[in-house]
Amino acid sequence: MSGVSLYDGVPSACVSKVELRVSCKALLDRDTLNKSDPCVILMVQAQGQWTEVSLDRTEVIKSNLHPVFAKVFMLDYYFEEVQKLRFEVYDIHGTHSIGTRDDDFLGGVECTLGQIVAQKKMVKPLLLKYGKYAGKSTITVHAEEISGNNGYVELSFCAKKLDDKDLFSKSDPFLEIYRINDDETEQLVHRTTVIKNNLNPVWEPFKVSLISLCSCDEDRKLKCLVWDYDSRGKHDFIGEFYTSFRELQKIGTGSKVTWDCINPKYKLKKKNYKNSGVVILSDLKLHRVYSFLDYIMGGCQIHFTVAIDFTASNGDPRNSCSLHYINPYQPNEYLKALIAVGEICQDYDSDKRFSALGFGARIPPNYEVSHDFAINFNPEDDECEEIQGVVEAYQNCLPKIQLYGPTNVAPIINRIAKLSAGEETIKDASRYHILLILTDGVVTDMADTREAIVRASYQPLSIIIVGVGNADFTDMQILDGDDGVLRSPKGEPALRDIVQFVPFRDFKTASPAALAKCVLAEVPKQVVEYYSHRLIHFSLGV
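Described below are features of the structure shown in this document. (Residues numbered from 1 in each chain as written. Predicted model: local features only at pLDDT ≥ 70, side-chain atom pairs only at ≥ 80, totals over all residues. Heavy atoms only, no water.)

## Digging into the overall build of the protein chain
Part 1 of the reasoning: The number of helices and strands found in the protein chain is 11 helices and 26 strands.
Part 2 of the reasoning: The globule rule puts the C-alpha radius of gyration for 542 residues at 24 Å, and the 30 Å found for the protein chain is more than 25% above it.
Part 3 of the reasoning: For the protein chain, buried positions account for 49% of its 542 residues.
Part 4 of the reasoning: The contacts of the protein chain with a sequence gap of at least 6 include a subset with a gap of at least 24, amounting to 71%. (Helix = DSSP H or I, 4+ residues; strand = E, 2+ residues; numbered from the N terminus. Rg over C-alpha atoms; globule rule 2.2 N^0.38 Å. Buried < 20%, exposed > 50% of the residue type's maximum accessible area, 1.4 Å probe, protein only. Contact = heavy atoms within 4.5 Å.)

## So, the sheet that holds strand β23 (residues 402-403)
Part 1 of the reasoning: The strand order β20-β19-β23 describes an open sheet built from 3 strands, whose pairing is antiparallel. Because the sheet does not close on itself, it has two edges, and the strands there are β20 (368-370) and β23. (Pairing = 2+ DSSP bridges.)

## With respect to the pairing of strand β26 (residues 499-503)
Part 1 of the reasoning: Across the 5 residues of β26, 5 count as buried, placing the element largely inside the fold.
Part 2 of the reasoning: Burial along β26 is two-sided: Val499, Phe501 and Pro503 facing one way and Gln500 and Val502 facing the other are all buried.
Part 3 of the reasoning: Sheet topology places strand β25 (residues 461-467) next to β26; 5 bridges connect them, and they run parallel. Bridged to Ile464 within β26 is Gln500.

## Re the side chain of Asp228
Part 1 of the reasoning: Topologically, Asp228 is positioned in strand β13 (residues 221-228).
Part 2 of the reasoning: No salt bridge forms around the buried Asp228; measuring N to O, its nearest opposite-charge neighbour Lys165 is 7.6 Å away.
Part 3 of the reasoning: One polar contact links the side chain of Asp228 to the main-chain amide nitrogen of Asp172, over a distance of 2.7 Å. (Lys, Arg positive; Asp, Glu negative; His and termini not counted. Salt bridge = Lys/Arg side-chain N within 4 Å of Asp/Glu carboxyl O. Polar contact = N/O pair within 3.5 Å; in protein donor to acceptor, adjacent residues only side chain to side chain.)

## Comments concerning the pattern of salt bridges
Part 1 of the reasoning: Counted according to the given criterion, the structure contains 22 salt bridges.
Part 2 of the reasoning: Here Arg220 makes a salt bridge to Asp182, at a shortest N to O gap of 3.0 Å. A residue pair is termed long-range when its members are at least 10 positions apart, and Arg220 in the loop between α2 (210-214) and β13 and Asp182 in the loop between β10 (173-180) and β11 (186-191) qualify at 38 residues.
Part 3 of the reasoning: Overall, Arg220 belongs to the buried group, its relative accessible area being 11%.
Part 4 of the reasoning: The residue Arg353 makes a salt bridge to Asp381 at a minimum N-O spacing of 2.7 Å. One end of the pair, Arg353, is in strand β18 (residues 353-359); the other, Asp381, is in the loop between β21 (373-374) and β22 (383-385), with 28 residues separating them in the sequence.
Part 5 of the reasoning: Residues joined by salt bridges that share partners form a network here, namely Arg353, Asp381, Glu383 and Glu385.

## What about the sheet that holds β13?
Part 1 of the reasoning: The strand order across the open sheet formed by 4 strands is β11-β10-β13-β14, and the pairing between neighbours is antiparallel. In the strand order of this sheet, the two ends are held by β11 and β14 (236-244), each with one partner. Mean inter-strand twist for the sheet, computed between neighbouring axes without regard to direction, equals 25 degrees. (Axes fitted to C-alpha atoms, helices over the stretch in contact; angles between N-to-C directions.)

## Re the environment of Gly491
Part 1 of the reasoning: Here Gly491 is to be found in the loop between β25 and β26.
Part 2 of the reasoning: Sequence-wise, Gly491 and Val454 are 37 residues apart; in three dimensions their C-alpha atoms are separated by 10.0 Å.

## Things to note about helix α7 (residues 386-397)
Residues spaced three or four apart along an α-helix face the same direction, because each turn holds 3.6 residues.
Part 1 of the reasoning: For α7, with 12 residues, the first-to-last C-alpha span of 17 Å sits near the 16 Å given by 1.5 Å per residue.
Part 2 of the reasoning: Listed as buried for α7 are Ile387, Gly389, Val390, Val391, Ala393, Tyr394 and Cys397.
Part 3 of the reasoning: The elements touched by buried residues of α7 are β17 (301-309), α6 (333-345), β18 and β22. (Expected span 1.5 Å × (residues − 1).)

## Some details on the nonpolar core
Part 1 of the reasoning: Within the largest apolar cluster, 92 residues are counted, with the highest numbers of intra-cluster contacts made by Leu20, Phe79, Phe87, Val117, Phe304, Phe310 and Leu520.
Part 2 of the reasoning: With 8 residues, the single largest contributor to this core is α6.
Part 3 of the reasoning: Ranked by size, the runner-up nonpolar core spans 31 residues in total, among them Leu155, Phe174, Leu248 and Val257. (Core = buried A, V, L, I, M, F, W, Y, C linked by side-chain atoms within 4.5 Å.)

## Structural notes on unusual backbone geometry
Part 1 of the reasoning: A cis amide bond links Pro364 to the next residue, Pro365, at an omega of 10 degrees.
Part 2 of the reasoning: Among the structural elements, Pro365 can be located in the loop between β19 (361-363) and β20.
Part 3 of the reasoning: In this chain, Gly405 is followed by Pro406 through a cis amide linkage whose omega measures -5 degrees.
Part 4 of the reasoning: Tracing the backbone shows Pro406 in the loop between β23 and α8 (410-421).
Part 5 of the reasoning: Phi at Lys352 takes a positive value of approximately 55 degrees, unusual for a residue other than glycine.
Part 6 of the reasoning: Here Lys352 is to be found in the loop between α6 and β18.

## A word on the environment of Ser212
Part 1 of the reasoning: With respect to the helices and strands, Ser212 occurs in helix α2.
Part 2 of the reasoning: Here the alpha-carbon distance between Ser212 and Ile180, two residues 32 residues apart in the chain, equals 11 Å.
Part 3 of the reasoning: Residue contacts for Ser212: discarding those within four places in its chain leaves Arg179 and Val189.

## A closer look at the pairing of strand β8 (residues 133-146)
Part 1 of the reasoning: Note: strand β1 (residues 16-25) against β8, 9 bridges, orientation antiparallel. Bridged to Leu20 within β8 is Ala143.
Part 2 of the reasoning: Examined bridge by bridge, strand β7 (residues 121-127) and β8 share 6 bridges and lie antiparallel to one another. Note on β8: the bridge partner recorded for Met122 is Val141.

This is how it looks when you write it as structure tokens:
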């Protein structure tokens, strides 16, 4: 293959379909005379209720305690949602109905779709009722993305010794490629330019998506026709041949890919007929478009950092009117936003440790103002165990600090951007950062913040800003590049739009999940954009 580009510059759609394949090991043997006849059902949680996925379940495998099911579950995947799943394994008796007796239940497991795709292959022990282990039984779930758009191909064809169809000059050949659909209908994929007066044409290279070319099916039959152009539209047929995308790719192995151009009528009539010329594939460049799930399932980890505003405008945490007031019965807005976003991000970080930072407070021991401090007061390790660890660190730090100001967020953005830049040296997609900034007012250091965001747009980083409380956040919208490209004070544009800003009050009557869905919806596109720029960067040897 003469050249391979890994990305065509257009991110693929972020909504994906995922296939889940299921197998079990060491299931409990519930039957007296023979082994269990297992079947797996898949349930999803919506509005707190578990429902079976459109009565979809695996086949029953007779007398087998280590079943590998052929049935594939297909689900829509959304990064910005917590998609809770439950797999239940039953021993089926006679009919395909699920038994109601406890002894028909072989075990179940709950997880999220995010956990499965992040691990690609998830193995979990099966649990009986009340959390009791079902012996040594395990369930394995394999995830695979069904890619609706996995790139395009650039093809270059030429031909030699084509039949001459013109009386006073040579043929004016062009090539047509048709895709043969499942119902045997033919769909025109591409028609080349016409090469005038030439029996050995070299057609212009052309690009076509793999969806158009072969519906992303490498073995789909392609019908290719060569014609002699006629200005009145009565083109003369020269010949045809059949191929597939799989065959086209043989050029990458160094094989010469050629076809005899056959005119069926001549083949029937002429005894020594060989062909009406030869068509040659002279070049193929496959441009792969990677999706968000390609990166996640390829091992990319998402590291979550939260930065919390501890400026005096929040109010004294001991006062019930304060935005930082800890109500034992009702989490404040800071906690609601933190938990909503953090619960989704934690599925994509294998060590489940999250950085928790603060800004705008006087901190011990000297009570100097800091705009970048670890809320666990450990500068050597600002990470907390899971989201609950972040919540506890936040609650524990409130009595130890003095709320102050101003609202400067540039130092923390620069810190996380610098941390992200350390991973730039690694060519593989290894770690992407999400920085959640929770603030009760417009930032004071707007010029420095714009500069920091423009610099950060070159790093594997997305920034989510949630405005807490009732302040006027109009000036914050400038940081969200949705209405145009964010520029630094010197006029330098951001490479990517990496900031999403929302006021928490817009979601006061909605569930925290709605907030998370809104602020995280752009992240998959931002991840794909970052790594696409990076692949181009490396392919150019920059």
